[in-house]
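What follows is each chain in one-letter form.
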Amino acid sequence: MPPVEGDDDIVGYGVRGFSYYNRGVLGQSIYGEGVFGWSNSGIGVRGWSGGTDAVSGYSDYGKGVYGESYNNAGVAGFSRYGYGVAGESWTSDGVKGKSIDGTGVYAHSDKGFGVHGNSPDGFGVRGDSGTNVGVYGVSSQEPGVKGDSYYKFGVLGGSTAA
């Protein structure tokens, strides 16, 4: 099958594909990108859907969707009424953050909790460190760490050091 090329210098489509039941456009490659989008000033690749995922990625061993940026967020999400970014896993962490010199996961809220953890049977929030404090709290006007409990101690501390 010969390659397809198209140009449009004004307003329109360089290449357009349409299908009622299958893929409108299919890109396939043995060694390179199946579909590649690039733009000097606009969005390189954009997806839109009126009823399901706008952009979907799948991989047997690699990342389903990967984003990278030199000066901004590699992946960003926004929603008016739902989660901006959601992660879910059957057997591992739903969301993971990692940094060499900065904070692994950073959260901010103007009025609500910056971080909220909830677990019906496990710890709501847990912090671990090999050589430093596991959980650390700071406040300019209130206690750095506060705990409430309906049945036991609000805050409980212990040590295994002699």
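These numbers were taken from a predicted model, which means no experiment stands behind them. Sequence positions are assigned chain by chain, starting from 1 and proceeding in written order. Two thresholds apply to this predicted model, a pLDDT of at least 70 for residue-level local features and 80 or more for giving and counting side-chain atom pairs, whereas whole-chain, interface and lining totals are computed over all residues. Think of the side-chain values as coming from all heavy atoms in the structure, minus any hydrogens and water.

Trainee: Explain the overall build of the protein to me, please; I cannot follow it from the model alone.
Mentor: Going along the chain from the N terminus, every DSSP run of H or I of four or more residues is numbered as a helix, and every run of E of two or more is numbered as a strand. In terms of helices and strands, the protein carries zero helices and zero strands. Values of the radius of gyration come from C-alpha atoms, whereas the globule rule sets the reference at 2.2 Å times the count of residues to the power 0.38. Compactness check: the protein gives a C-alpha radius of gyration of 24 Å against a globular reference of 15 Å for 162 residues, more than 25% above the reference. For the C-alpha atoms alone, the extent of the protein along its principal axes is close to 75 × 35 × 35 Å. Contact criterion: two residues are considered in contact whenever any of their non-hydrogen atoms come within 4.5 Å of each other. Pairs at least 24 residues apart make up 0% of the contacts formed inside the protein by residues separated by at least 6 positions. Each accessible area value is a Shrake-Rupley result obtained with a 1.4 Å probe; residue values ignore everything except the protein chains displayed when judging cover. When the accessible surface of the protein is summed, it comes to about 17000 Å², and 49% of that surface belongs to carbon and sulfur atoms.

Trainee: I tried to follow the pattern of salt bridges on my own but got confused; where do I start?
Mentor: Oppositely charged side chains can pair when the atoms bearing their charge come close. We define a salt bridge as a contact between a side-chain nitrogen of Lys or Arg and a carboxyl oxygen of Asp or Glu at a distance within 4 Å. Going through the model one piece at a time under the given rule, you end up with two salt bridges. For the salt bridge of Arg 126 with Asp 128, the shortest nitrogen-to-oxygen distance reads 2.8 Å. When a residue's accessible area, from a 1.4 Å probe over protein chains only, is under 20% of the maximum for its type it is buried; when over 50% it is exposed; and in between it is partly exposed. The class for Asp 128 is exposed, based on a relative accessible area of 55%. Among the ionic pairs, Lys 146 bridges to Asp 148, the shortest N-O distance being 2.8 Å. When sorted by exposure, Lys 146 lands in the same class as Asp 148, which is exposed.

Trainee: Help me understand the packing of aromatic side chains, please; the structure alone is not making it clear to me.
Mentor: Any pair of aromatic rings gets described here by the distance separating the centres and the angle formed by the planes. Note on ring pairs: Phe, Tyr and Trp rings are taken, using the six-membered ring of Trp, and paired if centres are within 6.5 Å. Classes follow the plane angle, with under 30 degrees stacked, over 60 edge-to-face and the rest tilted. By the definition in use, this model includes two aromatic pairs. Both rings, one in Phe 18 and one in Tyr 20, keep their centres 5.1 Å apart while their planes meet at 80 degrees; by these two values the pair is edge-to-face. Like Phe 18, the residue Tyr 20 is exposed in the burial classification. Both rings, one in Tyr 20 and one in Tyr 21, keep their centres 6.3 Å apart while their planes meet at 45 degrees; by these two values the pair is tilted. Assigned by exposure class, Tyr 20 and Tyr 21 land together as exposed. Ring-pair connections join several aromatic residues into one group, and the members of that group are Phe 18, Tyr 20 and Tyr 21. In this structure, Arg 16 is placed above the aromatic ring of Tyr 13, and the distance from its NZ or CZ to the ring centre is 5.8 Å. Placement of a positive charge over a ring is assigned whenever Lys NZ or Arg CZ falls within 6 Å of the ring centre and within 35 degrees of the normal to the ring plane.

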